[in-house]
Amino acid sequence: MAERLFKNIGSRGLKGAVKGSEYRKEAFISYGILLIGYILLQLGAMTGLIGRNLQGQFVPICVYVSLAISLNLVVGISGELSLGHAGFMAVGAFTGILVAKILERSMSINPLILIIAIIAAALTASIAGFIIGIPILGLRGDYLAIVTLAFGEIVRNFMNVLYFGFDSNGKLRFAFNHTIEGVDTSDRIITGAIGATGVTKMASFTAAALLTAFTLFVVLNLKNSKQGRAIMSIRDNRIAGESIGLEVRKYKLMAFVVSAALAGMAGCMFGLNYSTLAPVKFNFNTSVLILVFVVLGGIGNIWGGMIAAALLTVLPEALRQFADYRMLTYAIVLIVVMICTYNPTIKARVGLFVDKFKPKKKKSGKGKTGKEAA
Amino acid sequence: MKKNWTKFLVVALSVMMVFAMTACGGGSSDGGDDAAEGGAGVLHLGGTGPLTGPAALYGNAVKNGAELAVNEINAANPDGLQLSWDMQDDEHDAEKAVNAYNKLVDDGMQVLIGSVTTAPCTAVAAEAYANRTFVLTPSASGPAVTDGNDNVFQLCFSDPNQGIASAEYIKNNYADKTVGVIYNNADNYSSGIFDKFKSEYESDGKQLAAVEAFSDDANADFTAQLNSMKNAGVDLIFLPIYYTPASNIMTQAAKMGYAPTYFGVDGMDGILDLEGFDTNLAEGVLLLTPFTPYSEDAKVQEFVKAYEDAYGETPIQFAADAYDCVYTIYDAFQKTGLGADASMDEICEALIGVFTGGDFTSSGLTAESMSWNAAGEVDKTPKVCVIEDGKYVEK
């Protein structure tokens, strides 16, 4: 089932990348959504039309949008099902917090600390992606999904026993036990399952939006490059790709590592947006949530994933008025949207409706309507 | 190029939908004040806690306990200051808790009672500190909650203070016992209590006869730890742990024919309801808990009855904590002399003044004459219960 899904979308996506105009259209829409979203939200915040509740979600929205874009690189463009995206996010988040805590002792320019922390997060997350990617990218389909799932859990459990703190000389020390040698309990900065506390909030909406733009830039350009086409051709037909001399592992690893690095950066932004961060945040549910964004937006459809991520992040908050029925309503909305997005009848209806507004130019094919419905 | 416009329309509509939904959320809440408009106005209390998910038991207890207190106060004095109470779900998640807090601020909350659990409360406390909201948490006991936040106060004992209170109680009442400790060194709650217990207990020359640790992955077999206790001649074991591993310890000790006195903290609360555990083994267990529904205290009896009538279940400690929080805030607010129309930050500064003023005390279900220090920690007499005939009996 899943493979068929990938194949269907795959052939379409590849065509899209080969044609320059399709690429320009995708980039135009994606950047457009980001820009318009940013301006509208910023205006709303300035004029006071948007309350604290939504304003407080600006950064998480950008983070989840970035995560959806980066996961789309693995799931949509490289065609591998990954269930460990939250693991990379965790690596990035805790690296970022650690780096920020260290830098804070000698620097006071928060934006600069934020940038350095994000770069460090990208580095460690890509190393994690590389280490995990080498052995597992030989696996396919469900097997890869299971291993990435396990990876996410391993990262979380590792964080659960990881302790960092400064000793009396200001030297950073770590341990896998709650007592770190030479470190007073109050000088610990990352404490196992409790996670990090007392984090300085450095993330801002502008910074997060810039990060999303950067993520978009990397993914779209990779998709439209020679390497991107190689990645997609391997997705569509591995044997054909190998027969023309493409190194399958290299290209799969490339997509995986880039995606991991971008997830790490988003994780860092997320970590530096709250005063406390516990490893339990990065459990299986978060990985699945990001995958839901991607699937709901249409696998391989970058801007679809962006909209899905933004809407689904805001939705649980918007449903607070339902009080006790909030979670129930959320689930129902999710199911209805899923059914509507993938239901051929509804897709056809929406397609007809949309076609009405299109210029006479010859109809641009059947498979398209999924995007509009998203 | 025109084709893109349709897509933009879709996008624009989506964005507008988000706006519309949030606008709805903001608008409808204005009608949410269920308290009748009294002469002295309405003070809006808000809370965040896990109403769904694995920790929902705690959040719902706080929600109900506070609701009960609010209804009592409103009914007792319809012409005086009225309270309103809005509890938002945070799913025991820091991110959701901040969202819930922001939503409450949007809706005009003036004082926050919460969050219920430590990690969300730590995140909310930082936001509330920057935004100047007064916070009184019924149950978030971690030290990170109050650390550096002058606006955050705890109604429960903080973890370190539980250790100190336990050590003092044991020293005063069981001076002749040989004391040992088994604790979970992978758990901050447990190790936080233990650290302070040890330093307090050993502060005047006494020594712990034996200290043994375990971790979450090895919490089934305690033979080694128990043998160590037995060999050291320990006849009182302090267990700053949750009730599940504690039940294993009791079962295995009984098998070994070893029968020390056990002393637990609030994590032990719940051991009598554990399935598959022979509650006879828990007979004589001492535990430090602020509240027991079996207390003979008239106030507690009244509360338990009202709670059972309203919600059909026996209240747990969290409900009592929340109940006390509401009364404490109510009393403290009267002292500030502010009107109910005062802004959130005015109330915050005034309440901080009252709480740290030195002469403010509050009595409730969980303790008599509680007072607070500037760090936000509560000072109250710990209550120790002993399990007799399958019930908690106050010592």
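Worth saying up front: this structure is predicted, and the values here are computed from it rather than measured.

Parameters at a glance
Residues numbered from 1 in each chain as written. Chains lettered and ligands numbered in written order. Predicted model: local features only at pLDDT ≥ 70, side-chain atom pairs only at ≥ 80, totals over all residues. Heavy atoms only, no water. Helix = DSSP H or I, 4+ residues; strand = E, 2+ residues; numbered from the N terminus. Rg over C-alpha atoms; globule rule 2.2 N^0.38 Å. Buried < 20%, exposed > 50% of the residue type's maximum accessible area, 1.4 Å probe, protein only. Contact = heavy atoms within 4.5 Å. Areas by Shrake-Rupley, 256 points an atom, 1.4 Å probe, with all protein chains shown as cover. Lys, Arg positive; Asp, Glu negative; His and termini not counted. Charge placed at Lys NZ, Arg CZ, Asp CG, Glu CD. Domains from an automatic or database assignment. Buried area = accessible area lost by both parts, 1.4 Å probe. Polar contact = N/O pair within 3.5 Å; in protein donor to acceptor, adjacent residues only side chain to side chain. Nonpolar A, V, L, I, M, F, W, Y, C, P; charged D, E, K, R; others polar. 1 Å grid on protein atoms, 1.4 Å probe; cavity = no way out; pocket = protein on both sides within 12 Å on 5 of 7 lines; lining within 4 Å. Points joined across faces, edges and corners; volume = space filled by probe spheres on them. Pairing = 2+ DSSP bridges. Axes fitted to C-alpha atoms, helices over the stretch in contact; angles between N-to-C directions. pLDDT = per-residue confidence, 0-100. Right-handed = clockwise from strand over helix to strand, strands pointing away.

## Focus: the overall build of chain A
The number of helices and strands found in chain A is 16 helices and four strands. For chain A, the C-alpha radius of gyration of 21 Å lies close to 21 Å, the compact-globule estimate for 374 residues. By the burial criterion, 55% of the 374 residues in chain A qualify as buried. Sequence-distant contacts, at least 24 apart, represent 74% of the contacts inside chain A between residues at least 6 apart. As presented, chain A carries roughly 16500 Å² of accessible surface, and 66% of it is formed by carbon and sulfur atoms. Of note, chain A has its 38 positive side-chain charges centred 12 Å away from the centre of its 18 negative side-chain charges.

## Notes on the domain arrangement of chain B
Residue and element names in this part refer to chain B. Segmenting chain B into domains produces domain 1 (35-157 + 299-381) and domain 2 (160-289). When the buried area of domain 1 at its contact with domain 2 is split by residue, Phe157, Gln317 and Glu377 rank highest and sum to 75% of it. For the pair domain 1 and domain 2, the interface holds zero residue pairs in polar contact (both at pLDDT 80 or more). Among the residues making up the side of domain 1 that touches domain 2, the classes are represented as three nonpolar, one polar and one charged.

## Considering empty space enclosed by the protein
Residue and element names in this part refer to chain B. Here the structure, examined in full by the defined rule, presents six cavities of 30 Å³ or more. If you trace the second largest cavity, you find 14 residues lining it, with Phe157, Leu288, Thr289, Pro290 and Lys380 closest to the centre. When we break the lining of the second largest cavity down by domain, the ones giving at least three residues each are domain 1 (35-157 + 299-381) and domain 2 (160-289).

## Notes on the sheet that holds strand S10 (residues 286-288) of chain B
All names here are of chain B. Taken in spatial order, the seven strands of this open sheet run S7-S6-S8-S9-S10-S13-S14, and their pairing is mixed. The open sheet is flanked by strand S7 (210-214) and strand S14 (391-394), the only strands paired with a single partner. Each neighbouring strand pair of the sheet contributes to a mean axis angle of 25 degrees, computed without reference to strand direction. As defined by bridge partners, strand S9 (residues 261-264) adjoins S10 across two bridges and the pair is classed as parallel. Each bridged residue has a counterpart across the sheet, and for Phe263 the counterpart in S10 is Leu286. Its contacts with the sheet put helix H8 (residues 243-256) on strand S6 (179-184), S7, strand S8 (236-239) and S9, and the angle it makes with S9 is roughly 175 degrees.

## Quick notes on the confidence of the model for chain A
All names here are of chain A. Per-residue confidence for chain A gives a mean pLDDT of 86, with 90% of residues at or over 70. Across residues 1-17, where pLDDT falls below 50, the model places 23 contacts with residues more than four positions away in sequence or in other chains. Predicted confidence for residues 362-374 stays below pLDDT 50, and this span has 21 contacts to residues more than four positions away or in other chains.

## Some thoughts on the pairing of strand S1 (residues 42-49) of chain B
Residue and element names in this part refer to chain B. Burial runs high along S1: eight of the eight residues are buried. On S1, burial covers both faces: Val42, His44, Gly46 and Thr48 on one face and Leu43, Leu45, Gly47 and Gly49 on the other are all buried. Judged from the eight bridges that link them, S1 and strand S2 (residues 82-89) form a sheet pairing that is parallel. Residue Val42 lies in a different strand from S2, and its bridge partner there is Gln82. Handedness of the crossover joining S1 and S2 through helix H2 (residues 56-76) is recorded here as right-handed.

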